[in-house]
Amino acid sequence: MTGVERVLVGVSGSIGVVSVCQYLLEMKVRLGAEVKVVTSAAAERMVPAETLALFCDEVIASDSPAARRAAHVVLPQWASVFTVLPASANVLADAARGAAPSPLTAAILAAEPGIVFFPNMNPRMWDNPAVRRNVATLREDGHVVVDPVAGPGFEVATGEVTPGATMPPPALAVELLREVTRTRRAGPGPG
Ligand SMILES: Cc1cc2nc3c(=O)[nH]c(=O)nc-3n(C[C@H](O)[C@H](O)[C@H](O)COP(=O)(O)O)c2cc1C
């Protein structure tokens, strides 16, 4: 028993989506969790729902009947932990200003604070003051925004090799989810 029984994963349109299956697998294997995925339309253009479905228990695509049946309200309540992985700059902005133009952002708005965001974007985007403001707002609101790790990165748009702003590796990301869940369950300590 890991304490993380049910994971809701919001998958947004960051290029980090190409590695999301490894993270889903890690959640299944390492946590033994039931894993449901909500995708944005941009994410669906990058990785088909059919592929994600091989690595999780259910995929709720942005235009699916489940999404239209108010899954955005039900799913955050179902989840032991809600993570957005990868989190695009756009989804961080929507979440920070409380905008809900899609089932994924509606689920974020319907959830309790404590969502774990894993941003993944070009380092110039990550350093942009607007992104930093959105990250600060999300943290003030009680969410967890995991700093991307710098590492050798290939910049898809320009072909440059730069220090990337990417997600921590799957095993570490999953341990973070376990830790966030454990801390939340333990509640505030005395004093
Ligand atoms: C090939 C490609 C790669 C992209 N990679 C990223 C990325 O790594 N991070 C990011 O924040 N946005 C990235 N974008 C831009 C987002 O896909 C775009 O802002 C989109 O509207 C995000 O929608 P969503 O937040 O609803 O998923 C990329 C776009 C394309 C076409």
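Above: the structure in question.
Here goes a summary of the coordinates provided. These numbers come from a predicted model, not from an experiment.

1. Some points on the environment of glutamine 77
1) Next: Along the chain, glutamine 77 turns up in helix H5 (residues 71–78).
2) Next: Glutamine 77 sits in the exposed class, given 11 other C-beta atoms within 10 Å.
3) Next: C-alpha separation for the pair glutamine 77 and glutamate 112, spaced 35 residues apart in sequence, amounts to 8.5 Å.

2. Things to note about the pairing of strand S2 (residues 34–39)
1) Next: When you tally the buried positions in S2, you get 5 out of 6 residues, the bulk of the element.
2) Next: Where strand S1 (residues 6–11) and S2 come together, 6 bridges link them in parallel fashion. By the bridge assignment for S2, arginine 6 is matched with glutamate 34.
3) Next: For the crossover that starts at S1, traverses helix H1 (residues 20–31) and ends in the parallel S2, the hand is right-handed.
4) Next: One ladder, built from 3 bridges, connects S2 with strand S3 (residues 58–60); its direction is parallel. By the bridge assignment, valine 37 is partnered in S3 with valine 59.

3. As for the site of the ligand
1) Next: Around the ligand sit 17 residues, and of these Ser12, Gly13, Ser40, Ala42 and Met121 come closest.
2) Next: Elements that contribute at least two residues to the shell around the ligand include exactly helix H2 (41–46) and helix H6 (89–97).
3) Next: The residue inventory of the shell around the ligand, partitioned by class, reads 8 nonpolar, 9 polar and no charged.

4. Remarks on the nonpolar core
1) Next: Counting 54 residues, the largest nonpolar core has Val7, Val37, Leu85, Leu92 and Phe117 as the members making the most contacts within it.
2) Next: Excluding residues within four positions of it along the chain, leucine 92 makes contact with Ala87, Phe117, Pro119, Val131, Asn134, Val135 and Leu138.

5. Overview of the sheet that holds S2
1) Next: As summarised here, the arrangement of the 6 strands in space is S3-S2-S1-S4-S5-S6, forming an open sheet in which the pairing is parallel. The two strands at the open ends of the sheet, each matched to only one other strand, are S3 and strand S6 (144–145).
2) Next: Note that strand S4 (residues 81–87) and strand S5 (residues 116–119) share 3 bridges and pair parallel. Looking at the pairing, threonine 83 lines up with valine 116 of S5.
3) Next: Strand contacts of helix H10 (residues 170–186): S1, S4, S5 and S6, with the helix running at about 150° to S4, the strand carrying the most contacts.

6. Some words on H5
1) Next: Restricting attention to buried positions, one finds in H5 the residues Ala71, His72, Leu75 and Pro76. Taken end-on, H5 shows its buried residues confined to a sector of 120°, consistent with a single buried face.

7. Concerning helix H7 (residues 103–110)
1) Next: The buried count for H7 comes to 6 of 8 residues, which makes it a mostly enclosed element.
2) Next: When H7 is considered as a whole, its buried residues turn out to be Pro103, Leu104, Thr105, Ala106, Ala107 and Ile108.

8. Looking at unusual backbone geometry
1) Next: In this model, leucine 85 is joined to proline 86 through a cis peptide bond whose omega is -5°.
2) Next: Relative to the helices and strands, proline 86 is located in strand S4.

9. With respect to the packing of H6 against H7
1) Next: Axis separation between H6 and H7 bottoms out at 10 Å; the angle between their running directions is 40°. Relative to H7, the element H6 is oriented oblique. For the pair H6 and H7, the crossing hand works out as right-handed. Along its contact with H6, which presents Val91, Asp94 and Ala95, the element H7 presents Leu104, Thr105 and Ile108.
2) Next: In the contact of H6 with H7, the residues fall into 4 nonpolar, 1 polar and 1 charged.

10. Quick word on the environment of arginine 132
1) Next: Positionally, arginine 132 belongs in helix H9 (residues 129–140).
2) Next: Residue arginine 132 is classed as exposed on the basis of its C-beta count, with 11 C-beta atoms lying within 10 Å.

11. Re the pairing of S4
Consecutive side chains of a regular strand alternate in pointing toward one face of the sheet and then the other.
1) Next: Of all 7 residues making up S4, 7 are buried, and the element is well covered by its neighbours.
2) Next: Because side chains alternate across S4, one face comprises the buried residues Val81, Thr83, Leu85 and Ala87, and the other comprises Phe82, Val84 and Pro86, equally buried.
3) Next: Relative to S4, S1 is paired through 4 bridges, and the arrangement is parallel. In the sheet register, valine 7 faces S4, and the bridge partner there is valine 81.

Quick notes on the rules
- Residues numbered from 1 in each chain as written.
- Predicted model: local features only at pLDDT ≥ 70, side-chain atom pairs only at ≥ 80, totals over all residues.
- Helix = DSSP H or I, 4+ residues; strand = E, 2+ residues; numbered from the N terminus.
- Buried ≥ 20, exposed ≤ 12 C-beta atoms within 10 Å, placed from the backbone.
- Pairing = 2+ DSSP bridges.
- Right-handed = clockwise from strand over helix to strand, strands pointing away.
- Near = placed C-beta within 6 Å.
- Nonpolar A, V, L, I, M, F, W, Y, C, P; charged D, E, K, R; others polar.
- Core = buried A, V, L, I, M, F, W, Y, C linked by C-beta atoms within 7 Å.
- Contact = placed C-beta atoms within 7 Å.
- Axes fitted to C-alpha atoms, helices over the stretch in contact; angles between N-to-C directions.
- Arc of directions from axis to C-beta.
- Parallel < 35°, antiparallel > 145°, perpendicular 65-115°, else oblique.
- Left-handed = near helix turned anticlockwise from the far one by under 90°.

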